[in-house]
Amino acid sequence: MTAKIIDGKAFAANIRGQVATHVARLKADHGITPGLAVVLVGEDPASEVYVRSKGKQTAEAGMNSYEHKLDANTSEADLLTLIAKLNADPAVHGILVQLPLPGHLNSDLVINAIDPAKDVDGFHISNVGLLGTGQKSMVPCTPLGCLMMLRDHHGKLSGLNAVVVGRSNIVGKPMAQLLLGDSCTVTIAHSRTKDLPEVCRRADILVAAVGRPEMITGEYVRPGATVIDVGINRIERDGKTKLVGDAHFESCAAVAGAITPVPGGVGPMTIACLLANTLTACCRANGLPEPDGLTA
Ligand code: GUN
């Protein structure tokens, strides 16, 4: 069997297009422009690339982008003062503090200082609790993107066996909650799981989010299963730097029914969902209906 390649790049472009259409309508009908504030502390090169990309795509969708670049030595008090200002600013509908933060800053404290209604990352403890109890929340962008692709590929997910490999707060745990919300039978596996290949072979949907390059091989995949590869790992091969996922693409694609590639799979969906969340937050703040198909 050769798997269908799920084209995340095209899917994300479609989502961004839908967001842009809604934004244009919000402006024309209500005079409202959604605004996203991104806060970057320090000069981590990977974070700078992400933040630049977020700013560019926010503007392309017709939204206002507010970038706050702070010195690596910024105190916690100064960062919290900025967050309080953004919380109170009616032009700002979404706030994202780029992680990781420098070591002297307490990420949990900083994230939990964001107004939950503006927490477009879905990392605030209130949003985690709301998602866990099946209530309306802001949903973390990467798992939301995975859910959208899965719904598109499968139609209904109800009753399917889903195995999520990885238990991070950013991907693994919220991914499991979302799949449960769509009535999948969900297993969260991780590096300590006994007989991991056997557990993974039970999956109709296998989400690889372990952060280990090419760890999930074809041996882990049930014939015909859908493999969602969340990993983005930079490795050296044949003297070149290469981007690979947590799944070994060739061996998985030989067994799976469908698979997301790296790059061009889950990756582009994260920022697309960030834009979707900013639009959703803006609609909620203004008491307007939420756009269909862009939330969980
Ligand atoms: N760093 C890497 N990914 C993310 C993300 O999705 N959100 C934030 N805030 N920081 C990140």
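Quick caveat: nothing in here was measured; it's all calculated off a predicted structure.

Q: An account of unusual backbone geometry is needed here, citing residue identities and associated values.
A: Residue Leu99 is joined to Pro100 through a cis peptide bond whose omega torsion reads 0°. With omega at 0°, the peptide bond leading from Val262 into Pro263 counts as cis. In this structure, Glu214 is a non-glycine residue whose phi angle is positive, near 55°.

Q: Which residues make up the nonpolar core, and what are the values?
A: Of all hydrophobic cores here, the largest spans 55 residues; its most connected members are Val19 and Leu179. Counting only elements with at least two residues in this core, the list comes to helix H1 (8-30), strand S2 (35-41), helix H6 (141-154), strand S5 (161-165), helix H7 (172-181), strand S7 (205-208) and helix H10 (267-285). The biggest single contributor to this core is H10, with 10 residues. Leu179 has contacts with Leu150, Leu157, Ala162, Val164, Cys184, Val186 and Val207, leaving out every residue within four places of it along the chain. Membership of the second largest hydrophobic core comes to 21 residues, among which are Cys200, Ala203, Ala225 and Ile259.

Q: Outline the sheet that holds S2, supporting the account with residue identities and numerical values.
A: The parallel open sheet is built from 3 strands, whose spatial order is S3-S2-S4. At either margin of the open sheet sits one strand with a lone partner, and together these are strand S3 (64-70) and strand S4 (94-97). Adjacent strand axes in the sheet meet at a mean angle of 15° when their direction is disregarded. Relative to S4, S2 is paired through 4 bridges, and the arrangement is parallel. Counterpart to Ala37 in the pairing with S4 is Ile95.

Q: Any details on the layout of surface pockets? Residues and values, ideally.
A: Estimates place the volume of the largest pocket at around 1300 Å³. Lining the largest pocket are 47 residues, and of these Tyr50, Thr142, Ile232, Gly267 and Thr270 sit closest to its centre. Those elements that provide at least two residues to the lining of the largest pocket are H1, helix H2 (45-60), S4, H6, strand S9 (233-237) and H10. It is H2 that contributes the most residues to the lining of the largest pocket, 7 residues altogether.

Q: Got a sec to walk through helix H3 (residues 76-88)? Specific residues and values, please.
A: Given 3.6 residues per helical turn, the α-helix brings residues three or four places apart onto the same face. With 13 residues, H3 extends 18 Å between its outermost C-alpha atoms, agreeing within 8% with the 18 Å of an ideal straight helix rising 1.5 Å per residue. Where H3 is concerned, the buried positions are Leu79, Leu82, Ile83 and Leu86. Considered in projection along H3, the buried side chains sweep an arc of 100° and stay on one side of the axis. In H3, the exposed residues that point more than 90 degrees away from the buried face are Thr81, Lys85 and Ala88. Buried residues along H3 sit against S2, S3, S4 and helix H4 (107-111).

Q: Any chance you could break down the site of the ligand for me, citing the residues and the numbers?
A: Around the ligand lies a shell formed by Leu96, Val97, Gln98, Leu99, Asp121 and Phe123. Interatomic distance of 2.8 Å between a backbone N/O atom of Val97 and a nitrogen atom of the ligand. In the complex, the protein chains occlude 79% of the 280 Å² of accessible area that the ligand would expose alone. In a pocket analysis with a 2 Å cut-off to the grid points, the ligand is assigned to the largest pocket. Looking at the shell around the ligand residue by residue, the classes come out as 4 nonpolar, 1 polar and 1 charged.

About the thresholds
- Residues numbered from 1 in each chain as written.
- Predicted model: local features only at pLDDT ≥ 70, side-chain atom pairs only at ≥ 80, totals over all residues.
- Heavy atoms only, no water.
- Core = buried A, V, L, I, M, F, W, Y, C linked by side-chain atoms within 4.5 Å.
- Buried < 20%, exposed > 50% of the residue type's maximum accessible area, 1.4 Å probe, protein only.
- Helix = DSSP H or I, 4+ residues; strand = E, 2+ residues; numbered from the N terminus.
- Contact = heavy atoms within 4.5 Å.
- Pairing = 2+ DSSP bridges.
- Axes fitted to C-alpha atoms, helices over the stretch in contact; angles between N-to-C directions.
- 1 Å grid on protein atoms, 1.4 Å probe; cavity = no way out; pocket = protein on both sides within 12 Å on 5 of 7 lines; lining within 4 Å.
- Points joined across faces, edges and corners; volume = space filled by probe spheres on them.
- Expected span 1.5 Å × (residues − 1).
- Arc of directions from axis to C-beta.
- Near = heavy atom within 4 Å.
- Polar contact = N/O pair within 3.5 Å; in protein donor to acceptor, adjacent residues only side chain to side chain.
- Areas by Shrake-Rupley, 256 points an atom, 1.4 Å probe, with all protein chains shown as cover.
- Sits in = over half its atoms within 2 Å of the grid points.
- Nonpolar A, V, L, I, M, F, W, Y, C, P; charged D, E, K, R; others polar.

On their own, these measurements won't tell you what the molecule is for.
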